[in-house]
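# Summary of the model geometry
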Amino acid sequence: MADAAAGDESAFRELYRAHVRAVYWIAYGLLGSPTDAEDVTQETFVTAWRKLPGFDLQGESLLPWLATICRFQASNRLRQRRRDRAHTADAADDTIPSTISVEDQVISAALAERITAEVGTLSDLDREIFRLCAAAGYSYQAAAEELGVSHAIVRNRLSRVRTRLRGAVKEASDV
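Attention here is on the structure that accompanies the text. (Residues numbered from 1 in each chain as written. Predicted model: local features only at pLDDT ≥ 70, side-chain atom pairs only at ≥ 80, totals over all residues. Heavy atoms only, no water.)

### Digging into the packing of helix 2 (residues 9-31) against helix 3 (residues 34-51)
At their nearest, the axes of helix 2 and helix 3 sit 8 Å apart, and the two run at 140° to each other. Between helix 2 and helix 3, the angle falls in the class oblique. Judged by the twist between their axes, the crossing of helix 2 over helix 3 is right-handed. Along its contact with helix 2, which presents Glu9, Phe12, Leu15, Tyr16, His19, Val20, Val23, Tyr24, Ala27, Tyr28 and Leu31, the element helix 3 presents Pro34, Asp36, Ala37, Glu38, Val40, Thr41, Gln42, Thr44, Phe45, Ala48 and Trp49. Residues of the contact of helix 2 with helix 3, tallied by class, amount to 15 nonpolar, 4 polar and 3 charged. (Axes fitted to C-alpha atoms, helices over the stretch in contact; angles between N-to-C directions. Helix = DSSP H or I, 4+ residues; strand = E, 2+ residues; numbered from the N terminus. Parallel < 35°, antiparallel > 145°, perpendicular 65-115°, else oblique. Left-handed = near helix turned anticlockwise from the far one by under 90°. Contact = heavy atoms within 4.5 Å. Nonpolar A, V, L, I, M, F, W, Y, C, P; charged D, E, K, R; others polar.)

Below, the structure written as structure tokens:
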């Protein structure tokens, strides 16, 4: 232990090999998940490596100290799980509608078909500009470089395409 505390990696490796199985089973018993137990075991030994130089061994074995570190790491993991579940549950409740409107789905599908049909009538360049900027999220400059045209061409053509699509959407909603 003294060699490991002095920074000797091979001595620490020996301590790791001697205690890793016991630490893993402590973590597994607390968490019930093999993946979390493996993570907590690694976190335990990382913490031990950092704290070992200032540690004063009371007794014959490092295992009680490692078990204490492991319990703290497992407690942190359990708290994180609870926070994650709480945030996930809150987010899901906010974004999932309580009912699904078949009428809205039909209207959305019809609207998507109308937009797709209108995009299909665009010139090849306009369709590519729309795909890059509106669908793939390219900036005007990035789309211009990709297509070998100027920034102004991309900006002006995309503006016209959007105006045209707005008109198609308005026509579809008037019907």
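Additional details are given in the paragraphs that follow.
### Describing the packing of aromatic side chains
Throughout the structure, instances matching the rule amount to 6 aromatic pairs. With 6.1 Å between their ring centres and 20° between their planes, tyrosine 24 and tyrosine 28 make a pair best called stacked. One end of the pair, tyrosine 24, and the other, tyrosine 28, are both in helix 2, 4 residues apart, so they sit about a helical turn from each other. According to the relative accessible area criterion, tyrosine 24 is buried, its value standing at 18%. The class for tyrosine 28 is partly exposed, based on a relative accessible area of 30%. Between tryptophan 25 and tyrosine 28, the aromatic rings sit 5.6 Å apart at their centres with planes inclined by 80°, giving edge-to-face as the arrangement. Of this pair, tryptophan 25 and tyrosine 28 both sit in helix 2, 3 residues apart, which is roughly one turn of that helix. (Phe/Tyr/Trp six-rings, centres within 6.5 Å; stacked < 30°, edge-to-face > 60°. Buried < 20%, exposed > 50% of the residue type's maximum accessible area, 1.4 Å probe, protein only.)

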